[in-house]
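Listed below are the residues making up each chain.
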Amino acid sequence: MPPSSIEDIVSGRCEGESVDIRGWIYRKRESKEVIFLVIRDATGIIQCTMTRKNPFWDIAKKITIESSVLLSGTVRRDKRAPGGLEIAVEKLEIVGLAETFPITRDQSEEFLRDVRHLWLRSRKMSTIMKVRSEVLRFVDDFFREEGFVEVSPPMFISSACEGGATLFGLKYLDKQLYLTQSAQLHLEALIYSLEKVYCVAPSFRAEKSRTIRHLIEYWHVEAEWPFADMDDLMGLEEDLVSYVCQKTVENCKKEMEGLGVNVSKLIAVKTPFPRVTYTEAIERLISKGFKIEWGEDLGFDEEKALAADFGNPFFIYAYPRQIKAFYCKTYRDDPDLVMSADMLVPRIGEISTGGAREDDRDELLKRIRELSLREEDYDWYVDLRRYGTVPHVGFGLGVERLLGWMLDLENIMDTIPFPRTIRRFYP
Ligand code: ATP
Ligand code: MG
């Protein structure tokens, strides 16, 4: 018989049966006559008990926290067991005896990050990683249901997408190249054959400051599609985010509640999301006492203050040209503004940026020159406007920011197994 999963046993399906399980020692408690071993596998935990007359007593005695084990026994109901079921141990084998596990109660965040490779075994971290996996699945499901084709962009790039300040340089054989900041420009090339395309891939930003919402390596959900305008863009983005929120609550309610997440906040994420223009956002901020002028970029504090008003995801769109990237399309009746939209959420601020891409060759060249970018770096990109150009839109959404908001996590570092930040790259 194959081993049972602890989830199956806890569900009550195996009551009265004999089962084999395998896992790790999560807790151990012993008295003179009984040893209680709580065993953990990927699906849950269960209490296993053994009395002194058991032939495996000596093995149970020497077993340590986090040792890996094979265990057989009978599932029985016991009011005193957490969850009401336990296993009466009949056989116990140690696979790997653990040394004294360094993680005990009440340890600092800093220490837990130093031993991240071990801390990932905690209930908190493993629950977050399961929810993360579900979120990624629902992102895929959404795009496929909408008829998007998944594509695989390059990680090495020769020219910037989001500006030089956060560009990560590296040696590529004997050439100087960069790690990608966004797949957008390459996705744009693919819309001319596949039309609706998306990817979920790492992006790299040489972020020099420590914040609760920046990583150096993060996972980026990006999509581009043709024959579309700003309404289509914001419509698809809000459909995606509300779909992911609803589905995740539906599938991971238990896990989320275990993490202390307020799921009603996510159930309340319904379309359409409120939309305000950048100009309206500035007016709101001035009326709240912020010292900000039209034309300035919104910082973390400004974004948080605006997001607190809405309490749910919302969009800010129509930004001043000077604070947005070269590829943003200008409003033809107001060239000081560009068709760019950010989605914001409470506590974190921006979780996505999207917009219409400049589809006119001359306008694009004008912007490249205005920003003193090296024209030859963008030849191929300008080419896309030479052969069958088309109005098109796209966006990028940070997986970790989305998850951090959904799960009310204090720090973006806990949304990814091995966070990379200015100070953290080990383990
Ligand atoms: P910010 O101004 O907050 O640094 P950005 O405007 O530079 O972000 P974009 O280039 O618009 O970021 O990237 C698209 C999305 O990718 C962002 O909305 C965000 O969700 C995510 N993102 C960007 N930079 C990071 C980062 N360093 N760590 C985690 N996620 C990020
Ligand atoms: Mg942005």
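Above this text is the structure in question.
This is a predicted model, so every value here is computed, not measured. (Residues numbered from 1 in each chain as written. Chains lettered and ligands numbered in written order. Predicted model: local features only at pLDDT ≥ 70, side-chain atom pairs only at ≥ 80, totals over all residues. Heavy atoms only, no water.)

Caption draft 1: Examining the coordination of the magnesium ion (ligand 2) more closely. The protein atoms that coordinate the magnesium ion (ligand 2) are Glu 350 (OE) and Thr 353 (OG1), at distances of 2.2 to 2.3 Å. For Thr 353, a relative accessible area of 26% gives the class partly exposed. (Donors = N, O, S within 2.8 Å, 3.2 Å for Na, K, Ca; no water. Buried < 20%, exposed > 50% of the residue type's maximum accessible area, 1.4 Å probe, protein only.)

Caption draft 2: Seen up close, the side chain of Arg 367. Within the secondary structure, Arg 367 sits in helix H11 (residues 361-370). What makes Arg 367 buried here is its relative accessible area of 5%. Within polar-contact distance, the side chain of Arg 367 engages the backbone oxygen of Arg 321 at 3.4 Å. Among the polar contacts listed, one links the side chain of Arg 367 to the side chain of Glu 370, at a separation of 2.7 Å. Not counting the four nearest positions on each side in its chain, Arg 367 is found in contact with Arg 321, Lys 324, Ala 325 and Phe 326. (Helix = DSSP H or I, 4+ residues; strand = E, 2+ residues; numbered from the N terminus. Polar contact = N/O pair within 3.5 Å; in protein donor to acceptor, adjacent residues only side chain to side chain. Contact = heavy atoms within 4.5 Å.)

Caption draft 3: Representation of helix H10 (residues 300-310) in the model. Of all the positions in H10, only Glu 302, Glu 303, Ala 305, Leu 306 and Ala 307 are classed as buried. Looking at the packing, one finds that the buried side of H10 touches helix H9 (278-287), strand E13 (314-320), strand E15 (334-345) and strand E16 (349-357). Note on H10: the residue one or two positions beyond its end, Gly 311, has a positive phi of about 75°.

Caption draft 4: Representation of the site of ligand 1. Taken together, the neighbourhood of ligand 1 is formed by 16 residues, with Arg 205, His 214, Leu 215, Glu 350 and Ile 351 sitting nearest. Residue Ser 352 places a main-chain N or O atom 3.3 Å away from an oxygen atom belonging to ligand 1. Thr 353 places a side-chain nitrogen or oxygen 3.0 Å from an oxygen atom of ligand 1. Look at ligand 1: alone it shows 590 Å² of surface, and the protein chains cover 85% of it. Looking at the shell around ligand 1, the elements with two or more residues in it are strand E11 (217-226), E16 and strand E17 (392-398). It is E16 that provides the largest number of residues to the shell around ligand 1, a total of four residues. Residues belonging to the shell around ligand 1 are distributed by class as follows: four nonpolar, six polar and six charged. (Near = heavy atom within 4 Å. Areas by Shrake-Rupley, 256 points an atom, 1.4 Å probe, with all protein chains shown as cover. Nonpolar A, V, L, I, M, F, W, Y, C, P; charged D, E, K, R; others polar.)

Caption draft 5: Here's a closer look at the sheet that holds strand E3 (residues 44-51). The mixed closed barrel is built from five strands, whose spatial order is E1-E2-E3-E5-E4. Shown here is a sheet whose adjacent strand axes are inclined to one another by a mean of 55°, direction ignored. In this structure, strand E2 (residues 34-41) lies alongside E3, joined through eight bridges in antiparallel fashion. Paired with Leu 37 across the bridge in E3 is Cys 48. (Pairing = 2+ DSSP bridges. Axes fitted to C-alpha atoms, helices over the stretch in contact; angles between N-to-C directions.)

Caption draft 6: Structural detail: the packing of aromatic side chains. Using the criterion set out here, one finds 16 aromatic pairs in the structure. Where Phe 143 meets Tyr 198, the ring centres are 4.5 Å apart and the plane angle is 15°; that geometry is what we call stacked. One end of the pair, Phe 143, is in helix H5 (residues 123-145); the other, Tyr 198, is in strand E10 (residues 197-204), with 55 residues separating them in the sequence. No difference in accessibility class separates Phe 143 from Tyr 198, as the two residues are buried. On the numbers, 5.9 Å between centres and 70° between planes, the contact of Phe 326 with Tyr 381 is edge-to-face. Here Phe 326 is found in the loop between E13 and strand E14 (330-331), whereas its partner Tyr 381 is found in helix H12 (residues 379-383), with 55 residues between them in sequence. (Phe/Tyr/Trp six-rings, centres within 6.5 Å; stacked < 30°, edge-to-face > 60°.)

Caption draft 7: Summary view of the layout of surface pockets. What the second largest pocket holds in volume is close to 950 Å³. Along its surface, the second largest pocket is lined by 32 residues, and Thr 43, Gly 44, Ile 45, Arg 123 and Lys 130 are the ones closest to its centre. Counting residues per element, the ones that place at least two in the lining of the second largest pocket are helix H1 (6-10), strand E1 (18-30), E2, E3, H5 and helix H7 (230-258). The dominant element in the lining of the second largest pocket, judged by the number of residues it contributes, is H5, at five residues. Considering only residue class, the lining of the second largest pocket consists of eleven nonpolar, nine polar and twelve charged. (1 Å grid on protein atoms, 1.4 Å probe; cavity = no way out; pocket = protein on both sides within 12 Å on 5 of 7 lines; lining within 4 Å. Points joined across faces, edges and corners; volume = space filled by probe spheres on them.)

Caption draft 8: Summary view of the packing of H5 against helix H13 (residues 399-406). The interhelical angle for the contact between H5 and H13, taken along N-to-C directions, is 120°, at an axis separation of 11 Å. In terms of orientation, H5 lies oblique with respect to H13. Classified by chirality, the crossing of H13 by H5 is right-handed. Judged by residue contacts, Ile 128, Val 131, Arg 132, Val 135 and Leu 136 of H5 engage Val 399, Glu 400, Leu 402, Leu 403 and Met 406 from H13. For the contact of H5 with H13, a count of residues per class yields eight nonpolar, no polar and two charged. (Parallel < 35°, antiparallel > 145°, perpendicular 65-115°, else oblique. Left-handed = near helix turned anticlockwise from the far one by under 90°.)

Caption draft 9: Spatial organisation of the pattern of salt bridges. The tally for this structure, following the rule as stated, stands at 39 salt bridges. For Glu 66, the salt bridge goes to Arg 121, with nearest N and O atoms at 2.8 Å. Of the two residues, Glu 66 is situated in the loop between helix H2 (57-62) and strand E4 (68-77) and Arg 121 in the loop between helix H4 (116-119) and H5; the sequence distance between them amounts to 55 residues. Given a relative accessible area of 9%, Glu 66 falls into the buried group. When its relative accessible area of 31% is taken as the criterion, Arg 121 is described as partly exposed. Note that Arg 321 and Glu 370 form a salt bridge whose closest N and O atoms lie 3.4 Å from each other. Of this pair, Arg 321 sits in the loop between E13 and E14 while Glu 370 sits in helix H11, placing them 49 residues apart in sequence. Exposure remark for Glu 370: the relative accessible area of 40% places this residue in the partly exposed category. The structure contains a network of salt bridges with shared partners spanning Glu 110, Asp 114, Arg 423 and Arg 424. (Salt bridge = Lys/Arg side-chain N within 4 Å of Asp/Glu carboxyl O.)

These figures come from the coordinates and say nothing about function on their own.
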